[in-house]
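# Secondary and tertiary structure notes
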There are 4 protein chains.
Amino acid sequence: MRERLASPPAPEILQYLYGPRLAEQRVTLFSPMMMVNQAHVVMLARQGIIDRAAAVKLLREIRALEASGPDGMEWNAALEDVHLNIEAQLIARLGPEVGGRMHTARSRNDLYATVNRIYVRERLLGAAEQLLALRGQMLDLASAHAETIMTGYTHMQPAQPITFGHYLSGVAAGLEREDGRMAAAYASANRSPMGACALAGTSFPIDRALVADLLGFDGVLTNTLDAVATRDYVGDALYALAMAGTVLSRCATDLHHWCSFEYGFVELSDAAAGTSSIMPQKKNPMPLEHTKAKAAHLVGALVSAMGCWKTTPYAHGREVSTESVQVAGDAFTQVAAACALMACSLRGLKVNGERMRAALDRNFAVATDFADALVQEGGLPFRTAHQVVAAAVRKRAERGDAGLNADAVLAAMREMGLSTKLPAERLTLLASPEEAVRRRAHPGGPAPEEVRRMVGQQQEVLEAHRQAWAGRRGRLDEASERLEQAVSGFVG
Amino acid sequence: MRERLASPPAPEILQYLYGPRLAEQRVTLFSPMMMVNQAHVVMLARQGIIDRAAAVKLLREIRALEASGPDGMEWNAALEDVHLNIEAQLIARLGPEVGGRMHTARSRNDLYATVNRIYVRERLLGAAEQLLALRGQMLDLASAHAETIMTGYTHMQPAQPITFGHYLSGVAAGLEREDGRMAAAYASANRSPMGACALAGTSFPIDRALVADLLGFDGVLTNTLDAVATRDYVGDALYALAMAGTVLSRCATDLHHWCSFEYGFVELSDAAAGTSSIMPQKKNPMPLEHTKAKAAHLVGALVSAMGCWKTTPYAHGREVSTESVQVAGDAFTQVAAACALMACSLRGLKVNGERMRAALDRNFAVATDFADALVQEGGLPFRTAHQVVAAAVRKRAERGDAGLNADAVLAAMREMGLSTKLPAERLTLLASPEEAVRRRAHPGGPAPEEVRRMVGQQQEVLEAHRQAWAGRRGRLDEASERLEQAVSGFVG
Amino acid sequence: MRERLASPPAPEILQYLYGPRLAEQRVTLFSPMMMVNQAHVVMLARQGIIDRAAAVKLLREIRALEASGPDGMEWNAALEDVHLNIEAQLIARLGPEVGGRMHTARSRNDLYATVNRIYVRERLLGAAEQLLALRGQMLDLASAHAETIMTGYTHMQPAQPITFGHYLSGVAAGLEREDGRMAAAYASANRSPMGACALAGTSFPIDRALVADLLGFDGVLTNTLDAVATRDYVGDALYALAMAGTVLSRCATDLHHWCSFEYGFVELSDAAAGTSSIMPQKKNPMPLEHTKAKAAHLVGALVSAMGCWKTTPYAHGREVSTESVQVAGDAFTQVAAACALMACSLRGLKVNGERMRAALDRNFAVATDFADALVQEGGLPFRTAHQVVAAAVRKRAERGDAGLNADAVLAAMREMGLSTKLPAERLTLLASPEEAVRRRAHPGGPAPEEVRRMVGQQQEVLEAHRQAWAGRRGRLDEASERLEQAVSGFVG
Amino acid sequence: MRERLASPPAPEILQYLYGPRLAEQRVTLFSPMMMVNQAHVVMLARQGIIDRAAAVKLLREIRALEASGPDGMEWNAALEDVHLNIEAQLIARLGPEVGGRMHTARSRNDLYATVNRIYVRERLLGAAEQLLALRGQMLDLASAHAETIMTGYTHMQPAQPITFGHYLSGVAAGLEREDGRMAAAYASANRSPMGACALAGTSFPIDRALVADLLGFDGVLTNTLDAVATRDYVGDALYALAMAGTVLSRCATDLHHWCSFEYGFVELSDAAAGTSSIMPQKKNPMPLEHTKAKAAHLVGALVSAMGCWKTTPYAHGREVSTESVQVAGDAFTQVAAACALMACSLRGLKVNGERMRAALDRNFAVATDFADALVQEGGLPFRTAHQVVAAAVRKRAERGDAGLNADAVLAAMREMGLSTKLPAERLTLLASPEEAVRRRAHPGGPAPEEVRRMVGQQQEVLEAHRQAWAGRRGRLDEASERLEQAVSGFVG
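Residues numbered from 1 in each chain as written. Chains lettered and ligands numbered in written order. Predicted model: local features only at pLDDT ≥ 70, side-chain atom pairs only at ≥ 80, totals over all residues. Heavy atoms only, no water.

## Quick look at helix α6 (residues 108–144) of chain D
Residue and element names in this part refer to chain D. An ideal rise of 1.5 Å per residue puts 54 Å on 37 residues; α6 measures up with 54 Å between its terminal C-alpha atoms. The buried fraction of α6 is high, at 27 of 37 residues. The N-cap residue of α6 is serine 107: its side-chain oxygen and the backbone nitrogen of asparagine 109 are 2.8 Å apart. (Helix = DSSP H or I, 4+ residues; strand = E, 2+ residues; numbered from the N terminus. Expected span 1.5 Å × (residues − 1). Buried < 20%, exposed > 50% of the residue type's maximum accessible area, 1.4 Å probe, protein only. Polar contact = N/O pair within 3.5 Å; in protein donor to acceptor, adjacent residues only side chain to side chain.)

Spelled out as structure tokens, the structure:
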């Protein structure tokens, strides 16, 4: 391979490039490499590019290597990479005449472009499944808490009564859209560069569609230059992960507030909490903090990959082919951690419904309902009703009084020279958190019946998404079966 | 509005928040705001939430304001924002009893969530159309240069012969996938938050679907908390733009190299170039440099928006509702610039086909073809052929000889004790750039006939994408017509 | 200027490059440009590169242009930029023979490199002064609240008693280190590229040090290639700003929590708060939310600038010279906003010391002090004391009891079969928040006396920093005076 | 430690938090932890907080653990972290009465804050030393090539003649400023948080200055809250690394261009190059590509860390203490790789001076010198001279003629109706690359004598920087010696 050059690689090349890359890729890329090697040899033989006998020998040895796994062979960084190590093994076992033929009509450029896609699609499947499970967990919790009334916040200030189920359904809606990003990233990743060779295809009569089919790809990346030049699917994946991280981080932020001493709305299970080495009272909601941080790392990973591409030729090169892809592995692990930590935080979460409800008697989150009642049944224009209630709130807040009530509102009216026939009891009822929530029953509102309906619909969508991902995995399994049979056609 | 508070806004609030935001939004959001105001009042009247007479008065004044445009009214930063200024105008003209009713059953939270989506979808349409036009321009150029043979590069080193058309088709393939991101961002943006009110919907009997329909949205963002809490469509848009920026930056990088004195493959038109104030010979390809930089700004915009969301409650708040959205405007302008600068660079681009072809006589990009010929017709195993040609290249490179030829290759064979019956002339032919390109005719390869076929296919997809975007614009126009008629039903 | 080219700039160039850049730079760079023009002409005349008569004419017209300001002249985007517009004015007024001489022995490359540094150093001065003022405000508040006992948090859970003054002194310590970054950025910016010309200097006998001195620079950027190739000072500035943003964002995060209904520790003045259009009770701490978002934009700006540099030749080019610098203006404005919004939030902040103190009776933040007392005066090993208190806390938490007391701790000891001679009253005293704070009097601790000492020391450092920045400004004023006198030596 | 909680950590906590963190930190933090443990115990004993006998036992066992290294003990992720594992070992060996005392008057919060600083300062030292060596290598090469004339570029177009030495000195100037960032980051990192405990210090009579001194810190981070809340030194380090990455990336970009077939100015040694598996001619400059990519990763790391801080309380928490620091290790490795790969690229770099010089006969980079000569000795005003030469260049470029000469320039003059007494030979001489370079001898110019002077000065600064870093390392060694003696005072 280095006949062109008069000397072996410099020590820095081994230490910083070949060494670490080989150490990582023999774990991550060994299995995809074996798949591609088999599919490629099958194609070469079917197209008559290599003869059947050679194909049989090659496939036997590839299978043997695959069976003994990455720990079953010696790896040598001086041989550069996973492919060249494997090729060297095959040549050692079969001689150059046969062993050297596996790499006909392909290049490391299309080879690595392909195995990296196989690796990424597998991790996308895993991440998507974790996200589906977490969404299911949230929707179940939402359903269970469709009637658990709590304060809804804007700007982190009490705003209006909602339910905990309504909140969770809202976060789940964010995750539902996230599934679209994951599916788009999968579709983007799942196309085959094989046959692009170095960049210009080959003069051998290859069958690109066959290789793609045996490897479970949805199709071929047609233009051969584009096929080795682009890694845009990595961007699609990293962006999807970063957005997943954002939704989880925002939910973790809320739970982090709500499990504080001051809110006391929820409490993590003891299994999900950490303690302090010196403060005996401590029960720290670590998983929530880590979840938030993961979102930062995922943005960093996206920046890192996009930085590798930005001012790079539309062509194969190391910034694109190696470096930009390298960040994906860790990014998937960060997302897996975020999902697992959220799952663990939600599992066994103690929801203190009484405390949630009690807060509404002390904060002013029903103020809008007082105003709305004055409009709807009290005959006031909205802007006036708003002024009345604002005055009542301001007076109570200045006196340090907790909560709002009909008396305070009616007193404020009187002070402004206004009157209403709406009885105090009716006003009290209309502006109660229970009624406030119950009456917001239009699509998407917090009324328990609507939350249940909406969650039901979300669960249907979730089920559809589950089946879609199962379908993706199923098609990979079928392709794997086709490859298995095709190889068996040679090696029996 | 500030009855709750005892003092007007601090000067810093006016200087840094209300002032600049109003200055920007009266330009960007005036028109969307007028659309939403009309659709909302129509719905309020149809649902009986306000009476017809009030609706008629409101719609007349809204239309009058709309007709005189943003410069037709006074704006006051102390009133905070575009909506409150408009509401103040309506109240001044119609009195609080009528003017104050427009804002019934909604909140600024869902209002701004909505108008920002209208603004972003409009800019997405514009950006998508610019990208379609640029892709068309590239494909036309690709078609025209299907036979313009040039060196293909990997690692910025000569690799194999391709054609300039093949290159351009490759970049266009990247832009074709980009259309998917733009379409996904549009679908993500084009859902209506109206009816979510502050976060919890409303106790008024609103019709969310009607408002969404009159505004041209594809549907309603159901969960009311989610509707005001999420700006994920901004992420989808910014990511799509950043990836567009990346593709354009990479293409600009290539053209920047190729229009250098040393390559001399292409030359920008004089209209696209800049000069120097002191170096008389200068013809600087500025648009290419700026295009590359735009990609950096687009990544920065994405980081900025995602940073606003990361550790923010899943709820309405300023980081999400205002700050994260603010970066979008400039990002769209950056993309518009990148597209325009690339269009201007490609328009009138002089392609020096002779120089492109001549380079192949001096560099060693046909080496693979010599090796392939030795395998295919010379009977050598691939690895051996590779060694032979590598040795020939090394010898010539060390002597400073330009290009590779059959004599050099055959001499290298002899030195390695090998022989072949393949005649020198046949070898010369097979390894000529023309033949090398011609023989790579499988799907996606650089053979002129295949490039033409592939570009034809890409043009079909382009046409389908054009129609899809025309459909999106058409549906907005139809909705606009529906709104127009609905309003006319009141105001005649 | 475009003699080299056969056509005027394309419309896209005018619309996206020359137009917007000129619109911005005539505001930001007019004054720096006039300074540099004068200093350069003085140098040219002193070195005999142009004759005195020409210098006199040039300086008179430059002064006249300067006096009438940027709005006093016509600007033409077809002339590209601020410099070429000004040069065209001078040539129009003085003829090419004299007007054309100003640009001798320089280039737009060193010229813009220089005026941008003048612009950035001015904004750095402004930002540094705002940060100094804000730090002073924090330290004053810290001093006033040296005895205001509050809960200190880790992981957003009650940890140990501190004081509000201790907290504010901690944040001010972060801002103190920030001053070092600002000062480093200023030193980095304040070196003169003039004389570098296009990249290679000039064959005219220039005096680079003189120009640098007249412009207030601390010295010359020696290597002429480096002088036009680097914008690293912009990175230094943007990084400093981003870190300032981070400190302010973190402080805003705390205040945002503490002004929530649930904490109720502080309350923003009414002047600093916003209201809601539909929720009458609302008092929203908007400035804190915007402050947090500014930090996101500042990271975005840094990413944007660094992206412009990453894969760019070490040479002059548009990505570096224009695009990477363009983000700085907005970044300075974001920081100015963050400082102003924090200043406005702290001004008139109501600190509810009673509520802060009362929380310590309900949470378990004194647990460590119970444990420490058991070790220090109760004879228990630390790990055992920790276990005792943890058991007491757990028991009370499970029963929903608020706060910890000596009885509970001693009961837990007894249950674990342990005993102590430490009397309950003594234990109560030692573990009181007041005593807990008082006893932490070592350097940096929360004891009021130590907080006062530490804040005093911080105020001394602040004063030293103030003088350092005043010195920087003073040196610019002196240089301005030197330039004034030098010019007067020509024009009287 | 988990007495406060009723259950062991959830499996997700072990899998995603404790497990991976322990695996990493037992490698990176074991040694710093042992240093801190010794210094802390010495201080506790000297202050009488623990008795001498306990100190002796603790120090003996700590030394024993240290001697057997991280592989000498069992690690248990269920115990959470490195510290708790070590403490458990000590308690197992010495009993709780003695083993439990090591952690008196400190917390994991200040402990980890401290050991992370020790780790980062060590890596900063390593990175700084690598950067010094690389700068030295560049300056040596600059000195050797002070007379190697080459084309200087702006906008990647030939601009003016410089020398390769001038170029390298320019890049080295960028690295010289970089040393300031590294030194600032080191100073920022090298302050001791010990004694801050959880956040509020301690009621034990500790001596913070002593611990800081024994650990080689330059001083104490005074405010105890700030001490555990800030990780700004990580930002300082990551920013410095990212800027180092940027300079190296830009230099790599130039070398990447110049080692292309088309430029052919330089050639990497064979040891630094890679080959292709199918293209026999390939000699790929991989190290340059990887160097460029590293800069992207370093920006990503900075974004990641800053994202962890942005909206986090100014307090101890996992986002800050653990997650934001975690990215530093990999970032240092990326920089080490970039430095090593650049060192390896420069080592044995073949500089083709003839080809560099020959390019100047074909491109138009001497145009400015023709114009300057017409001004300086030909009596033309600058703007006219610029027009003459531009016209000459344009004519030759349109005819495809290479290079510029006196005849072409004089012909252009005549065509414009101008004349000069400057003889053609004199013009030819003045505009020769040799003369052009020689005459630019002012400070920073490319004249060989000036390049040698400038490089000499840069080498002096380099030597001063070397000594400064040696001083930093020396002070750590001295502290290490003081700690050694202090411990020996107990254990003999």
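## A short note on the pattern of salt bridges
On inspection of all chains with the given rule, the structure shows 136 salt bridges over all chains. For the salt bridge of arginine 399 of chain C with aspartate 401 of chain C, the shortest nitrogen-to-oxygen distance reads 3.3 Å. Among the residues examined, arginine 399 of chain C registers a relative accessible area of 53% and is labelled exposed. Judged by its relative accessible area of 28%, aspartate 401 of chain C is partly exposed. Residue arginine 394 of chain D pairs with glutamate 398 of chain D through a salt bridge whose shortest N-O separation is 3.2 Å. Of this pair, arginine 394 of chain D and glutamate 398 of chain D both sit in helix α15 (residues 382–399), four residues apart, which is roughly one turn of the helix. Arginine 394 of chain D sits in the partly exposed class, given a relative accessible area of 27%. Assessed through its relative accessible area of 58%, glutamate 398 of chain D is described here as exposed. (Salt bridge = Lys/Arg side-chain N within 4 Å of Asp/Glu carboxyl O.)

## A short note on the packing of aromatic side chains
Taken as a whole and assessed by the stated rule, the structure comprises 32 aromatic pairs over all chains. Both rings, one in tyrosine 239 of chain A and one in tyrosine 239 of chain B, keep their centres 4.4 Å apart while their planes meet at 5°; by these two values the pair is stacked. One end of the pair, tyrosine 239 of chain A, is in helix α10 (residues 232–258); the other, tyrosine 239 of chain B, is in helix α10 (residues 232–258), on a second chain. Under the relative-accessibility criterion, tyrosine 239 of chain A is labelled buried at 3%. Judged by centre distance (4.7 Å) and plane angle (70°), the rings of tyrosine 167 of chain C and tryptophan 258 of chain C are edge-to-face. Of this pair, tyrosine 167 of chain C sits in helix α7 (residues 164–189) while tryptophan 258 of chain C is found in helix α10 (residues 232–258), placing the two residues 91 residues apart along the sequence. Three or more aromatic residues joined by ring pairs form one cluster here, namely Tyr153, Tyr263 and Phe265 of chain A together with Tyr153, Tyr263 and Phe265 of chain C. Taking NZ or CZ as reference, arginine 472 of chain A lies 4.1 Å from the ring centre of tryptophan 469 of chain A, over its face. (Phe/Tyr/Trp six-rings, centres within 6.5 Å; stacked < 30°, edge-to-face > 60°. Lys NZ or Arg CZ within 6 Å of the ring centre and 35° of its normal.)

## Here we look at helix α16 (residues 406–415) of chain B
Structurally, the α-helix is built with 3.6 residues per turn, so residues lying three or four positions apart point the same way. Residues and elements named next belong to chain B. Among all positions of α16, only Ala406, Ala408, Val409, Leu410, Ala412 and Met413 are buried. Buried-residue contacts for α16 involve α14 (367–376), α15 (382–399) and α17 (424–430). Two to three positions downstream of the cap, the backbone nitrogen of aspartate 407 sits 3.3 Å from a side-chain oxygen, assigning the N-cap of α16 to asparagine 405. (Contact = heavy atoms within 4.5 Å.)

## Some words on the relation of the copies chain D and chain C
By a simple turn and slide, chain D fits onto chain C: the slide is 0.0 Å along the axis, the RMSD is 0.0 Å, and the turn is 180°. Those values place the two copies in the arrangement expected of a two-fold rotation axis. Mapped onto chain C, 100% of the interface residues of chain D again fall at the interface, so both copies present the same surface. (Least-squares fit on C-alpha atoms with pLDDT ≥ 70 in both.)

## Regarding the domain arrangement of chain A
Residues and elements named next belong to chain A. On domain assignment, one finds that chain A holds domain 1 (11–104), domain 2 (109–353) and domain 3 (367–431). With centres defined by C-alpha atoms, the gap from domain 1 to domain 2 works out at 32 Å. Overall, the association of domain 1 and domain 2 removes approximately 1900 Å² of surface from exposure, summing both partners, and the carbon and sulfur fraction of that is 74%. It is Arg21, Val36 and Met43 that lose the most area in domain 1 upon contact with domain 2, and together they represent 25% of the buried surface on that side. For the pair domain 1 and domain 2, the interface holds zero salt bridges. Our enumeration of links across domain 1 and domain 2 arrives at four residue pairs in polar contact (both at pLDDT 80 or more). (Domains from an automatic or database assignment. Buried area = accessible area lost by both parts, 1.4 Å probe.)

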